Amino acid sequence: MTRPGSPGGAPTAPPARPAPAGAGIPLVGRHEERGALARAVEEARSGRGALLLVSGEAGVGKTRLAHEAAAAGAPALRGGASQADPAPYGPLVAALRAHLRARPGALDGCGTLRAHLARLLPELGDPPPGGDRATLIEALRAALGHLAAPGPLVLVLDDLQWADDATLELLEALAEPLEGMPALVVGTYRSDGLPRGHMIRRLRNELRRGGRLTELALEPLAPDETAALAGAALGAVPSPALARTIHDRSQGIPFFVEELARALAVGGAVRPGRRGLELAGGEVPVPETIRDAVLMATSDLSPDARAAGEAAAVAGGAFDIGPVAAIAGEAGLAELADAGVLREAEPGRAAFRHALTREALYADVPWLRRRALHRRLAEVLEAGAASPREVAGHWLGAGEPGRARASLLRAAEASEALHAHRDAAGAWRQALEHWPEGEEREARIAALAAYAGAAEMSGDAAESARAWREVCALRAEDGAGAELGEAQRRLAAALELRGDREAAQAARGAAALAFAAAGRPADAGAERLAMANHHRIGGRHEAAVELARAAAEDAGAAGRDDLRARALGIEGVALAKSGDTEGGLATVRAGLALAIDRDMTAVAAELYQRLSLALYDAGDYGRAQETLDVALELCRINDDGDTEVACVTCLVYVLRERGEWERAAALGRDLVAAGSAEWVVDGLVGVIHAFQGRLSSGRRLLASSLAVSTRLGHYHMQVDATAGLAWLAAAEGRHEEAEERCAALLARWEASDDHHDALWGLRWAAGYLARRGRAATAHGCAEALARIAAETARPEALAALAAAIGEAALAAGDADTAADQLTRAVELHQALEVPFERAQVELRAGLALAAAGDREPALERLDEAYRTARRLGARPVAAEAAGAIAALGESVARRLGRRAAAQAEGAGLSRRELEVVRLVAVGRSNREIADRLVLSPRTVDMHVHNILRKLECKTRGEAAHRAGQLGLL
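Keep in mind that this is a model prediction, so the values were computed, not measured.

**Comments concerning the overall build of the chain**
Here's step 1: Broken down by element type, the chain carries 47 helices and 10 strands.
Here's step 2: Expected size for 969 residues packed as a compact globule is a radius of gyration near 30 Å; at 38 Å, the chain overshoots this value by more than 25%.
Here's step 3: Seen along its three principal axes, the alpha-carbon backbone of the chain occupies a region of about 125 × 90 × 50 Å.
Here's step 4: Going through the 969 residues of the chain one by one, you find that 53% of them count as buried.
Here's step 5: Relative to all contacts within the chain whose residues are 6 or more apart in sequence, the contacts with residues 24 or more apart total 64%.

**A look at the sheet that holds strand 4 (residues 183-190)**
Here's step 1: Taken together, five strands build an open sheet; the order of strands is 2-3-4-1-5 and the sheet is parallel. Among the strands making up the open sheet, the edge pair consists of strand 2 (76-80) and strand 5 (214-217). Sheet twist, expressed as the mean angle between neighbouring strand axes with direction ignored, is 20°.
Here's step 2: Of the strand pairs in this sheet, strand 1 (residues 50-56) and strand 4 are connected by seven bridges, and their pairing is parallel. Across the sheet, residue Leu-52 finds its bridge partner in strand 4, namely Val-186.
Here's step 3: Strands in contact with helix 4 (residues 133-148) are strand 2, strand 3 (153-158) and strand 4; relative to strand 3, the strand with the most contacts, it is inclined by about 130°.

**Remarks on the side chain of Asn-533**
Here's step 1: Topologically, Asn-533 is positioned in helix 23 (residues 521-537).
Here's step 2: The class for Asn-533 is buried, based on a relative accessible area of 18%.
Here's step 3: Within the structure, Asn-533 has its side chain in polar contact with the side chain of Arg-536 (distance 2.9 Å).
Here's step 4: In this structure Asn-533 touches Ile-570 and Arg-610, once residues within four positions along its chain are discounted.

**Some points on the pairing of strand 2**
Here's step 1: Side chains of strand 2 alternate between two faces, with Leu-77 and Gly-79 buried and Ala-76, Arg-78 and Gly-80 left unburied.
Here's step 2: With five bridges joining them, strand 2 and strand 3 adopt parallel strand pairing. The partner of Gly-80 across the bridge, within strand 3, is Asp-158.

**A short note on the packing of aromatic side chains**
Here's step 1: Tallied over the entire structure, the rule returns 11 aromatic pairs.
Here's step 2: What links up through ring pairs into an aromatic cluster is the set Trp-661, Phe-691, Trp-727, Trp-760 and Phe-836.
Here's step 3: When the ring centre of Tyr-362 is taken as reference, the NZ or CZ atom of Arg-358 above it lies at 4.7 Å.
Here's step 4: Stacked on the ring of Trp-435, the Lys or Arg Arg-405 has its end atom at 4.6 Å from the ring centre.

**Quick notes on the layout of surface pockets**
It is the rolling of a water-molecule-sized probe over the atoms that shows where space remains empty.
Here's step 1: When its volume is computed, the second largest pocket comes out at roughly 1500 Å³.
Here's step 2: Elements that contribute at least two residues to the lining of the second largest pocket include exactly helix 21 (482-498), helix 22 (501-517), helix 23, helix 25 (561-577), helix 27 (601-617), helix 29 (641-657), helix 31 (678-692) and helix 33 (715-731).
Here's step 3: No other element matches the eight residues that helix 23 contributes to the lining of the second largest pocket.
Here's step 4: Residue composition of the lining of the second largest pocket, grouped by class: 21 nonpolar, seven polar and 12 charged.

**A short note on the sheet that holds strand 10 (residues 349-352)**
Here's step 1: An order of 8-10-9 is seen for the three strands of this open sheet, with the pairing classed as antiparallel. Of all strands in the sheet, those bounded by a partner on one side alone are strand 8 (318-320) and strand 9 (342-346). Taking each pair of neighbouring strands and ignoring which way they run, the sheet shows an average axis angle of 35°.
Here's step 2: Pairing of strand 9 with strand 10 involves four bridges; the strand directions are antiparallel. Of the residues in strand 10, the one forming a bridge with Glu-346 is Arg-349.

**Considerations on the environment of Arg-924**
Here's step 1: By the secondary structure assignment, Arg-924 is in the loop between helix 44 (911-921) and helix 45 (926-933).
Here's step 2: For Arg-924, the contacting residues outside a window of four places in its chain are Leu-919, Ile-929, Arg-932 and Arg-956.

**Looking at empty space enclosed by the protein**
Here's step 1: Within the structure shown, the criterion is met by six cavities of 30 Å³ or more.
Here's step 2: Its boundaries defined by the atoms lining it, the largest cavity holds a volume of some 100 Å³.
Here's step 3: Along its surface, the largest cavity is lined by Arg-656, Glu-657, Trp-661, Phe-691, Trp-760, Val-834, Phe-836 and Glu-837.
Here's step 4: The set of elements that each furnish at least two residues to the lining of the largest cavity consists of helix 29 and helix 39 (835-851).
Here's step 5: Of the residues contributing to the lining of the largest cavity, the split by class is five nonpolar, no polar and three charged.

**Structural notes on the nonpolar core**
Here's step 1: Tyr-616, Trp-727, Leu-762, Trp-764 and Phe-836 are the most contacted members of the largest nonpolar core, which totals 111 residues.
Here's step 2: Tallying contributions element by element places helix 33 first for this core, with 12 residues.
Here's step 3: Contact partners of Trp-764, with chain neighbours within four places excluded, come to Ala-726, Trp-727, Ala-730, Cys-742, Arg-771 and Gln-840.
Here's step 4: Membership of the second largest hydrophobic core comes to 65 residues, among which are Val-28, Ala-236, Ala-265 and Ala-308.

**Notes on helix 41 (residues 875-887)**
Here's step 1: Look at helix 41: 18 Å from first C-alpha to last across 13 residues, which is about the 18 Å you get at 1.5 Å a residue.
Here's step 2: Listing the buried residues of helix 41 in full gives Val-877, Ala-878, Ala-879, Ala-881, Ala-882, Ala-884 and Ile-885.
Here's step 3: After helix 41 finishes, the residue Gly-889 shows a positive phi value of roughly 85°.

**Quick look at the pairing of strand 6 (residues 270-273)**
Here's step 1: Pairing geometry for strand 6 and strand 7 (residues 276-279), over four bridges, is antiparallel. Opposite Gly-273, over in strand 7, you have Gly-276 as the bridge partner.
Here's step 2: Remark: two residues form the turn of the hairpin made by strand 6 and strand 7, two consecutive strands paired antiparallel.

**Side note on the packing of helix 19 (residues 441-457) against helix 20 (residues 461-476)**
Relative placement of two packed helices is described by the angle separating their axes and the distance separating the axes.
Here's step 1: Between helix 19 and helix 20, the least distance of the axes is 8 Å, while the angle of their chain directions is 155°. Our classification of the angle between helix 19 and helix 20 gives roughly antiparallel. The two elements helix 19 and helix 20 cross, and the hand of that crossing is left-handed. Taken together, the residues of helix 20 that come into contact with helix 19 (itself represented by Arg-441, Glu-442, Arg-444, Ile-445, Leu-448, Ala-449, Tyr-451, Ala-452, Gly-453, Ala-455 and Glu-456) are Glu-463, Ser-464, Arg-466, Ala-467, Trp-468, Glu-470, Val-471, Leu-474 and Arg-475.
Here's step 2: In the contact of helix 19 with helix 20, the residues fall into 10 nonpolar, two polar and eight charged.

**Brief notes about helix 3 (residues 90-102)**
The α-helix winds at 3.6 residues per turn, so residues separated by three or four positions along the chain end up facing the same way.
Here's step 1: Taking 1.5 Å as the rise per residue, helix 3 with 13 residues should run 18 Å; its terminal C-alpha atoms sit 19 Å apart, in good agreement.
Here's step 2: Buried residues of helix 3: Pro-91, Leu-92, Val-93, Ala-95, Leu-96, His-99 and Leu-100, and no others.

**Some details on the side chain of Glu-259**
Here's step 1: In this structure, Glu-259 sits in helix 9 (residues 254-266).
Here's step 2: When its relative accessible area of 3% is taken as the criterion, Glu-259 is described as buried.
Here's step 3: When neighbours within four sequence positions are excluded, Glu-259 is seen to be in contact with Ala-293, Val-294, Ala-297 and Arg-353.

**Examining the state of the cysteines**
Linking two cysteines covalently via their sulfur atoms produces the bond known as a disulfide.
Here's step 1: Under the criterion given, the structure shown has zero disulfides.
Here's step 2: Here Cys-650 stays free of any disulfide, with the sulfur of Cys-647 as its closest cysteine sulfur at 6.7 Å.
Here's step 3: By relative accessible area, Cys-650 is classed as buried at 7%.
Here's step 4: The structure places no disulfide on Cys-742, whose sulfur is separated from the nearest cysteine sulfur, that of Cys-781, by 6.3 Å.

**Topic: the pattern of salt bridges**
Here's step 1: Tallied over the full model, the rule gives 71 salt bridges.
Here's step 2: The partner of Arg-410 in a salt bridge is Glu-382, with the nearest N and O atoms 3.7 Å apart. Of this pair, Arg-410 sits in helix 17 (residues 401-417) while Glu-382 sits in helix 15 (residues 367-383), and the two are 28 residues apart along the sequence.
Here's step 3: Note on Arg-410: relative accessible area 39%, which makes it partly exposed.
Here's step 4: In this structure Glu-382 comes out as partly exposed when scored by relative accessible area, which is 32%.
Here's step 5: With a shortest N-O distance of 2.9 Å, Asp-562 and Arg-560 are connected by a salt bridge.
Here's step 6: Assessed through its relative accessible area of 34%, Arg-560 is described here as partly exposed.

The rules we used
Residues numbered from 1 in each chain as written. Predicted model: local features only at pLDDT ≥ 70, side-chain atom pairs only at ≥ 80, totals over all residues. Heavy atoms only, no water. Helix = DSSP H or I, 4+ residues; strand = E, 2+ residues; numbered from the N terminus. Rg over C-alpha atoms; globule rule 2.2 N^0.38 Å. Buried < 20%, exposed > 50% of the residue type's maximum accessible area, 1.4 Å probe, protein only. Contact = heavy atoms within 4.5 Å. Pairing = 2+ DSSP bridges. Axes fitted to C-alpha atoms, helices over the stretch in contact; angles between N-to-C directions. Polar contact = N/O pair within 3.5 Å; in protein donor to acceptor, adjacent residues only side chain to side chain. Phe/Tyr/Trp six-rings, centres within 6.5 Å; stacked < 30°, edge-to-face > 60°. Lys NZ or Arg CZ within 6 Å of the ring centre and 35° of its normal. 1 Å grid on protein atoms, 1.4 Å probe; cavity = no way out; pocket = protein on both sides within 12 Å on 5 of 7 lines; lining within 4 Å. Points joined across faces, edges and corners; volume = space filled by probe spheres on them. Nonpolar A, V, L, I, M, F, W, Y, C, P; charged D, E, K, R; others polar. Core = buried A, V, L, I, M, F, W, Y, C linked by side-chain atoms within 4.5 Å. Expected span 1.5 Å × (residues − 1). Parallel < 35°, antiparallel > 145°, perpendicular 65-115°, else oblique. Left-handed = near helix turned anticlockwise from the far one by under 90°. Disulfide = S-S within 2.5 Å. Salt bridge = Lys/Arg side-chain N within 4 Å of Asp/Glu carboxyl O.

Written out as structure tokens, the structure is:
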């Protein structure tokens, strides 16, 4: 039976009735992605919000999917980034402004920070004076929290590939607080063609590092999904052949599918066939690209609409209707809206249905007409209240960089006012790129300086330093002066942020000379004082003394007692560290007396901290602690955070040396929790962990500290962490590494003027290397100790030297000399407040006395070593002392107690655990051990777990090595 109108009796499909662009076409496919979005909305509904990214190539349907989530029964805000005007916080501002237009009082109850939102939304009133980026971000967070309070809120931010940097930094800052809010933020971005250095890459990296990266990566549609979408766009089912053609040409990109279907329908290129719509007979042109499809689909527009489309495309993806209508007329824009090419984004603004539509039309505008349209738009926008960044973009498009430069400078200033430093830097950089050489020289220098400052504030120290170098070169052409000094000072700060300390020193030296030449001795002195402190930190104390004295002379010329007191403090510490203990203490006290006499409490706090350095260099840890207590009290009175952090780190060190390890670690944890001096705390506490036998955590902390202290050139922490890692490597049986660390410690000391910081490390290294038969390096360490002892005559240095001599003698088989020297070291330690050092020396003295045949004195020394180490929690030294007592045939239980006996005999392991660890040490698996000892595998698993816990090890190999150290194998 045939149907009427069907040639040859074949059934026919209805003719194509294409849907208007973007209208009535359902979302096809994406079932998994829809489910993920729905689950995210439900999580937000229960108070567990998130930042969710939707990525994919252009036209793949990111915005459509995100808006589907926004329509999932929750209040939704929508905003998008503008390629033509990437204003700071632009997408979020657009979303909030649209919401306020619908509900003018929506932000009235968002708290005390509401006024700060007026910086972004002037309709809220006048912003308060001052403020900073952190306050603005907190105000935005509070606004989202307020809007989400009644129920889940979905905020969709489109086209983040064009977003300003401030928006992407804001999203990074919001990721964590969103987890406790009933709010879901969905951000879409194009993943194709994203530049390597784009901020979205950084955002993703930071989210991944924090375990917060949630992303839906959209893929093109499958062939059956493409056919369904094409059918919806055509208004009729396509034949399999047409569906294959559309899929092959569009590669499943939904926007291309829709535009291709519309183009074929508008061009009359499809007709009904037996199995659905098919291509008309003959050579039917099928658009090759999205651009071809868009142009073909809009080919039936009137000349007025085409002209309006060109003007709109030049204006941008979203634009104010007034300026475009003034150029192209309202009738053409209305026709574009009727055809679905444009849509109303908000009252008075229009947007292209899709960015790819705008890009296709823009690319089709002849370049001369394009430049003319950019110029007309720039003139119209500049006459109004348009964004300077948008105006600049049009002037650049018009080929007039001079006029663009003025707008870019205004855009940079506007971004800086919003603390959007990265965006400000970008605008200043772009303005400078379009600045002719020699034109408006002073204005260019000012722009360079502003750019350098914004780059520094945004974390780009390298670019900041480059710009400040250029400013310095330009100022140097004018001769030495205050302006050159200021530029060199800023260059030094940027170089220090990069970690280029030596170059920073050179810049400070140049700044000091320029300030001196300009008759500003106080500024010259401040730079020399900073240089002196740098040398002090780096262990170059003679240079520090010289510069501190020069700074004091500058301070005297300027009548600056505060600067003079601070110079005396640095000079005194450097003198003490270079061996002149009495002179150093007297100099610091002179500075402190001056500060107290002039009632300069902030300076006095700094001087008390300096005094503590000189005191503990002299081995007077008790008075150093008392001095730090006074300094901390003054810091709290003056709210001086920087000096307080310095005082607390010094206190952690002093407590560590005095054996108050628990309190030292607690103070360190408090500092780290407050976000201060983490790398210093890592080093100081890492040494404690090593001494306690907590080798894995000790290595992690010490390695972290050494990396940072080496980069910063911080001598004390560098040698302390190096010595700690050497001690730890030896404890782990990594003797090659330990020897390399010892050599590095000696080399770093030789490049310094230090007489204290490396003492304990050099003393331990001398003994360890002697026992290892590394005579040359051991002798080098002993020679270093001899120089320190000769130049200072401090008991701590003399004790370290005696210990090193004793270790060398013991290694050479001269037990009597070893016993004499190590006993002398013990006697010197009686007057010192360094219990762990004393415990180590007593242990070695006990072994030397035993080798010399003096059994009772040996036992006394070993007994004291054990008890001190046990009190401190230094398990390796305690275990070694107990083992040495047992080796002398003495009852450990009778002399030290049952606990010590258990430690000496089995390190706290049971008889069965000892059997297990011995089999672990020869490489047996748990199942093999179970078979050997006739146990169940589960029981062996339990024994291995207990062994690791008792020996404080993380791996079987580490446990086997530790058991060997303790003589358990």
